[in-house]
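Single-letter residue listing:
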Amino acid sequence: MQHTLRTTGASAPGKVILCGEHAVVYGRPAIALPLPDIRATAWVADAPGAGLRLELPDLGEQWEVAAEAHAGEHPLAFLARRTLATLGAAPTGLRITLRSAIPIASGMGSGAALGAALVRALATHLGQALTPAAIAALVYESERFFHGTPSGIDNTVVSYEQPIWFVRGDPGAVPPRAATIEALALGAPLRLVIGDTGVRAPTHLTVGGVRERWQRDPARYEALFAAIGEVSSAARDLLARGAVEQLGRLLDRNQELLEALGVSSPALERLIAAARAAGAYGAKLSGGGGGGIMLALVTEERQAQVCAALAAAGAARVVQTVVA
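A brief report on the enclosed structure follows. Source: prediction; values computed, not measured.

Another aspect to go through is the overall build of the protein chain. Each helix and strand in the protein chain was counted, giving nine helices and 11 strands. Across its three principal axes, the protein chain shows a C-alpha extent of roughly 65 × 50 × 35 Å. Classification of the 324 residues of the protein chain by burial places 54% in the buried group. When contacts within the protein chain are restricted to residue pairs at least 6 apart in sequence, those whose partners lie at least 24 apart make up 72%.

Written out as structure tokens, the structure reads:
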């Protein structure tokens, strides 16, 4: 009798950080939003007699996952093997195909989304269920492989798929402090226009640059981190009340502070200025900075105008979404 080989799919959303990036690495709060209509997808297929194979057709990459971790290993290979170990399954006889509509190194959580989709697909294929917290923890392990000191916010928001308030934990504290993760209810939908500069800016480089500057001038940078934390706290209150116009002004303030941190760029600031001039309530970079994306908070009436302004200002891609 011929058996049909099984294929199982799962996906995870991209994300934007509404406010608090970079400061979140230093213990201040941040707010992140999922992008439910911009997703990464993983497909797991039985491959009897084969090892564990990963394929990324969008990048033209494929490789066999080694039985043991090794220096220079791709984070997704590490994650696949680690997930199977967690599920009590052997790392063999499977082919995993990963695809994504999320621009790479853009600040939209492409790596975390691919990771979460991979974990979900493997668990589902093996007939097991993992909680959002368990998925987030596994993806965080692989993010550390690549980013060094990730905040933990990307893996969390793509795993939970809801707006979150996030404060990083500190396992080295006495006593150890767990991360604070709280779902946020929005008092009104947020209509966002996202402009991609087209400039790839890996998060670990911008995070590392901020760390170097913080080490040279800790007092100045701690003050900036504290001010960004105050923006996040005020934004949380405005989100709950649905005070969208006031929230826009806070986003502008957050952008000023990110510029002071040294993580903005001329390409980002050109798009931000264009969005504001076209009638956005507020606009800022989102994510690591240095390139990547910016977001603008808009009304339905001004949305098309802001999109056109971003395209005219040189955006490589413009995305519209509503987070409810």
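In this section: the pattern of salt bridges. Throughout the structure, instances matching the rule amount to 17 salt bridges. A salt bridge links R39 to E161; the nearest nitrogen and oxygen atoms lie 3.0 Å apart. One end of the pair, R39, is in strand β2 (residues 30-46); the other, E161, is in the loop between α4 (153-160) and β6 (164-167), and 122 residues separate them in sequence. Classification of R39 by relative accessible area gives partly exposed; the value is 24%. For D252, the salt bridge identified is with R276, shortest N-O distance 2.9 Å. Here D252 is found in helix α7 (residues 244-261), whereas its partner R276 is found in helix α8 (residues 266-277), with 24 residues between them in sequence. Here the salt bridges share partners, and the residues they tie into one network are R39, R120 and E161.

The next point concerns helix α2 (residues 110-125). The first and last C-alpha atoms of α2 sit 22 Å apart over 16 residues, in line with the 22 Å expected at 1.5 Å per residue. The element α2 is extensively covered by neighbouring structure, given that 14 of its 16 residues are classed as buried. Phi turns positive, to about 70°, at G127, one or two residues after α2.

Turning our eyes to something else, we now look at the sheet that holds strand β9 (residues 282-286). The sheet built from four strands is open, its strands ordered β9-β10-β8-β11 with antiparallel pairing. Bordering the open sheet on either side are β9 and β11 (317-323), each of which pairs with just one other strand. Between one strand axis and the next, the sheet turns by 25° as a mean value, whatever way the strands run. Looking at chain direction, strand β8 (residues 190-196) and strand β10 (residues 293-297) are connected through five bridges and run antiparallel. Of the residues in β10, the one forming a bridge with L192 is L297.

Along the chain, T197 falls in the loop between β8 and α5 (203-216). A relative accessible area of 12% places T197 in the buried class. Among the polar contacts listed, one links the side chain of T197 to the backbone nitrogen of V199, at a separation of 3.1 Å. Within the structure, T197 has its side chain in polar contact with the backbone oxygen of G292 (distance 2.8 Å). Contact partners of T197, with chain neighbours within four places excluded, come to A267, L268, L271, G291, G292 and A316.

Here the residue pair V174 and P175 is connected by a cis peptide bond, since its omega of -5° sits within 30 degrees of zero. In this fold, P175 is placed in the loop between β6 and β7 (180-183). Backbone geometry at E161 places phi at a positive 55°, although glycine is not the residue there. The partly exposed category is assigned to E161, whose relative accessible area is 31%.

What counts as what
- Residues numbered from 1 in each chain as written.
- Predicted model: local features only at pLDDT ≥ 70, side-chain atom pairs only at ≥ 80, totals over all residues.
- Heavy atoms only, no water.
- Helix = DSSP H or I, 4+ residues; strand = E, 2+ residues; numbered from the N terminus.
- Buried < 20%, exposed > 50% of the residue type's maximum accessible area, 1.4 Å probe, protein only.
- Contact = heavy atoms within 4.5 Å.
- Salt bridge = Lys/Arg side-chain N within 4 Å of Asp/Glu carboxyl O.
- Expected span 1.5 Å × (residues − 1).
- Pairing = 2+ DSSP bridges.
- Axes fitted to C-alpha atoms, helices over the stretch in contact; angles between N-to-C directions.
- Polar contact = N/O pair within 3.5 Å; in protein donor to acceptor, adjacent residues only side chain to side chain.

The analysis is restricted to geometry; functional conclusions fall outside its scope.
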